[in-house]
Amino acid sequence: MKKKGLALLLALTLTVSMMAGCSKNNNKKDETTTEETTTTDDAAATDDAAGSETAETTNTEPTGQIILGDVTEFNGSFIEGWGNNGADAVIKTLIGTYPGFYGTAELTSTDEYVYNPTVLAKDPETTLNDDGSKTFKFTLNQDLTWSDGSAITAKDYVGNLMIYASPAFGEIEGSNTAGNTVVGFDAYNSGDAKEFAGIHWIDDYTFSIDISAENIPTFFEAAASAVTPVPFSVYAPGVEIKDDGKGCYLSDNYTADLIKEPMTAERYNPTVTCGPYKFVSYDSTNQEVVLEVNDQFKGNYEGKKPSIQKVIMKYTEEATQLDELAAGNVDLLAGISGGDKINAGLDLVDQGKADYATYLRNGYGLLAFHCDFGPTQFKSVRQAIAYCLDRTTFCSQYTGGFGSLVNSEYGLGQWMYQEKKDVIDSELNPYSYSIDKAKEVLDADGWNLNEKGEAYVDGTDTLRYKDVDGELMACEIQWASSDNSVAQLLATMLPSEMEKAGMKLTTTVVDFPTLLNNYYREGIDEPQFNMYNLGTGFTPIPQFEYSYNTGKSFLGNFNTNFWMDDAIMNMGYDLTKTDPSDRDGYLNKWVEIMKTINEEMPNIPLYSDEYHTFFNPKVQGYVGDDTFSIGYSLIYMSVTE
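Calculation notes
Residues numbered from 1 in each chain as written. Predicted model: local features only at pLDDT ≥ 70, side-chain atom pairs only at ≥ 80, totals over all residues. Heavy atoms only, no water. Pairing = 2+ DSSP bridges. Helix = DSSP H or I, 4+ residues; strand = E, 2+ residues; numbered from the N terminus. Axes fitted to C-alpha atoms, helices over the stretch in contact; angles between N-to-C directions. Contact = heavy atoms within 4.5 Å. Buried < 20%, exposed > 50% of the residue type's maximum accessible area, 1.4 Å probe, protein only. Left-handed = near helix turned anticlockwise from the far one by under 90°. Nonpolar A, V, L, I, M, F, W, Y, C, P; charged D, E, K, R; others polar. Polar contact = N/O pair within 3.5 Å; in protein donor to acceptor, adjacent residues only side chain to side chain. Phe/Tyr/Trp six-rings, centres within 6.5 Å; stacked < 30°, edge-to-face > 60°. Lys NZ or Arg CZ within 6 Å of the ring centre and 35° of its normal. Core = buried A, V, L, I, M, F, W, Y, C linked by side-chain atoms within 4.5 Å. Salt bridge = Lys/Arg side-chain N within 4 Å of Asp/Glu carboxyl O.

Asker: How should I be thinking about the sheet that holds strand 5 (residues 134-139) in this particular structure?
Answerer: Working definition: the strands of a sheet are paired by backbone hydrogen bonds and lie parallel or antiparallel to each other. Here 4 strands make up an open sheet; going across it, the order is 4-5-7-6 and the pairing antiparallel. If you trace the sheet from one side to the other, it starts and ends with strand 4 (125-128) and strand 6 (199-203), each paired once. Direction aside, neighbouring strands of the sheet carry axes that sit 15° apart on average. Of the strand pairs in this sheet, strand 6 and strand 7 (residues 206-211) are connected by 4 bridges, and their pairing is antiparallel. In the strand pairing of strand 7, W201 is matched with F207. Running at roughly 165° to strand 6, helix 3 (residues 154-164) makes contact with strand 6 and strand 7 of the sheet.

This is the structure we're talking about:
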């Protein structure tokens, strides 16, 4: 069954499912399926009392267990507000500490965000205010409970924004950017005002938020106004949320010292959650997390509850992960990429030891740069490294035909790329392998000196230097590498080619948690590394205004490149503010962002895949793709023993 790239070719040739706008029309870092969705109303929630199962939804008593394997080691950070890797994110989604389940809007199996009838008694009441802001008034169902049986109320939704936007949360090194599109964010976030003016607690089951005029309209309204709950009394014990009409504020006992201990404890051992599963244990030595079904969970947006009683997720070595599947040591391996691994998985399918699903990746593999220090702060160096890597050969060797080269920040599974494929494929710089071109861009930017400050002589000198503020800077790149197949292939292809251009690549192999700590700069006082090999999945709705935001509170958690360019940030704001009816305008703006990123090269795109998920035949009802990922889709599956 070695199909090579046939499935990918068919997927690119035929119409594939795509995400559409999610506002009064459709889809984001969010949503539905075909072009017709541009005229549908994403407010799919009805005015009926929510929480009951739909006619199509069938729930059964949960039984059995499933073991998920993942080649990423856990960081062990299981609540929102700090950086995480892909394995942590799956756990956070399943237990409800990642935005998703019980949000006022929820991601559907057709990759759109809809208002959530399990949470909301009715769709939000909206008002366009005289100052251009827009108010969303939410009325909650009154039967929602935390995993410990305590009631979920409006204060838990309001409390999310009040904590995660507060200066106090920033003081404990959390990302305090929540609610940054809401009226009054800047004053509250900076500590200049005690009230968060755009948030109002009305009663135990009613609250409202005001999206500021500069963020209206928004192409993805349901997602842009979405709020998820936090167990406020656990995170901020003894703190009261008050509202005297000027916006919500917290009682005087709310401080960084008060929240640090309980939030740190919950970060590593969540005890009160709202997702379909609840946290049982994390074994950091054996890299294994155990979850059990949350019997308080009312269901997702269509009332679906888990059918599997117990979930174990564990770290599996990349080299032996398919052997573990064949032996029954793991039951499901999601998002497998790379031709060798995919073909080995298809062999198991031929032998009757596995089933599989395939889908295009909503993400890509990349070399990521930190753009605020050292040689990689200069566009010329980033471009030169791109020219030194034969990306076409790399992509072919790594994906084995189950992937394609991409030239900017997009994935094969993104609806924007699928609709603008011809433009993207023809108008972006492919950075075709060329040592001469690498030398040219370096020379043009002043990397034309040797270690003595004299003219660099190609063939005689080995390392280029540049005069930066009166001091010589060597063109030496520090690479934090993870020991995986991508890194191993890069190590055979890139260092020697960079040497030919007068650059030096110094490699340090680290474990993945260490790599991420440096990448996010969590606990890192002085950055050491310029370059990282990573893979990333995009959220359903692009939010470049976050991922390239130059504000201090966004650096590391969102702007992981530390790319300080207001132009790309403002292009992101403009994209998000596109009127929901202007689909063509949205796509054209997205193309311009792709062109800008292609020129500036904050990351070198390596490939986007045709992902394969392999699973034990006992796993029934597999659904999902790279957007509606395992964290959301697992509740639709069952196991037969």
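Asker: So what exactly am I meant to see when it comes to helix 18 (residues 512-520) here?
Answerer: Since there are 3.6 residues in each turn of an α-helix, residues three or four apart along the chain are aligned in direction. Of all the residues in helix 18, the buried ones are P513, L515, L516, N518, Y519 and Y520. A positive backbone phi angle near 60° is found at R521, which sits one or two residues after helix 18.

Asker: For this particular structure, what's the right way to read the pairing of strand 7?
Answerer: Look at any regular strand and the pattern is simple: side chains alternate between the two faces of the sheet. Summarising burial for strand 7: 6 of the 6 residues are buried, a large majority. Burial along strand 7 is two-sided: the face carrying T206, S208 and D210 and the face carrying F207, I209 and I211 are both buried. Where strand 5 lies against strand 7, 6 bridges are found, and the strand directions are antiparallel. Bridged to K134 within strand 7 is I211. What sits between the antiparallel neighbours strand 6 and strand 7 is a turn of 2 residues.

Asker: What is the right way to read the packing of helix 12 (residues 391-399) against helix 16 (residues 485-493) from this model?
Answerer: Between two packed helices, what matters for the description is the angle formed by their axes and the separation of those axes. It is at 11 Å that the axes of helix 12 and helix 16 come closest, and there the two elements cross at 145°. Helix-helix and strand crossings are classified by hand; for helix 12 and helix 16 the assignment is right-handed. On the side of helix 12, the interface is formed by T393, F394, Q397 and Y398, while helix 16 contributes S485, V486, L489, L490 and M493. Its residues assigned to classes, the contact of helix 12 with helix 16 shows 6 nonpolar, 3 polar and no charged.

Asker: Just to check I follow, could you spell out the pairing of strand 11 (residues 288-293) for this structure?
Answerer: Note: strand 10 (residues 277-283) against strand 11, 6 bridges, orientation antiparallel. Bridged to K278 within strand 11 is E292. Between strand 10 and strand 11, which pair antiparallel in sequence order, lie 4 residues; one of them, Q287, sits at a positive phi of approximately 55°. In terms of strand pairing, strand 11 meets strand 12 (residues 308-315) through 5 bridges, oriented antiparallel. The residue bridging L291 from the neighbouring strand is V311, located in strand 12.

Asker: Would you take a moment to explain the side chain of N85 for this structure?
Answerer: Along the chain, N85 falls in the loop between strand 1 (63-70) and helix 2 (86-95). Looking at N85, its side chain comes within polar contact range of the main-chain nitrogen of A87, at 3.0 Å. A polar contact of 2.9 Å, which involves the side chain of N85, links it to the backbone nitrogen of D88.

Asker: Help me out: how do you make sense of the packing of aromatic side chains in this one?
Answerer: The description of an aromatic ring pair rests on the distance of the ring centres and on the angle between the ring planes. Within the structure shown, the criterion is met by 37 aromatic pairs. With a centroid separation of 5.4 Å and an interplanar angle of 40°, the aromatic rings of Y364 and F538 are classed as tilted. Here F538 lies in the loop between strand 21 (531-537) and helix 19 (544-547) and Y364 lies in strand 15 (residues 363-369), a separation of 174 residues in the sequence. Each member of the aromatic cluster is reached from another via a ring pair, and the members are F101, Y102, F297, F628, Y632 and Y636. Above the ring of W201, the side-chain terminus of K155 is found at 4.7 Å from the ring centroid. Here the guanidinium or amino end of K466 rests over the ring plane of F378, the centre of that ring lying 4.9 Å away.

Asker: Where do I start with the nonpolar core in this structure?
Answerer: Burial of nonpolar side chains together is a common tendency in soluble globular proteins. M503 and W590 are the most contacted members of the largest nonpolar core, which has 138 residues in total. When sequence neighbours within four positions are dropped, the list of residues in contact with W590 reads Y410, Q414, M416, Y417, K420, I424, F544 and L575. Membership of the second largest hydrophobic core comes to 28 residues, among which are L291, V311, F615 and Y622.

Asker: Looking at this model, I keep getting lost on unusual backbone geometry. Mind explaining?
Answerer: Backbone torsion omega between I216 and P217 reads 0°, so that peptide bond is classified as cis. Relative to the helices and strands, P217 resides in the loop between strand 7 and helix 6 (221-224). Not every positive phi belongs to a glycine, and D469 is a case in point at roughly 55°. Structurally, D469 can be placed in the loop between strand 17 (465-468) and strand 18 (471-474). The phi dihedral of R521 falls on the positive side, at around 60°, and the residue is not glycine.

Asker: Hey, could you run me through the pattern of salt bridges in this one?
Answerer: Where charged atoms of side chains with opposite charge meet at close range, the side chains can pair. Taken as a whole, this structure holds 22 salt bridges when the rule is applied. Put simply, K379, R382, E599 and E600 are held in one network by salt bridges that share partners.

Asker: Explain the side chain of N215 to me, please; I cannot follow it from the model alone.
Answerer: For N215, the location among the structural elements is in the loop between strand 7 and helix 6. Accessibility expressed as a relative area gives 14% for N215, which makes it buried. A polar atom in the side chain of N215 sits 2.7 Å from the side chain of S212. With sequence-adjacent residues up to four places away left out, N215 is seen in contact with T181, Y573 and K577.

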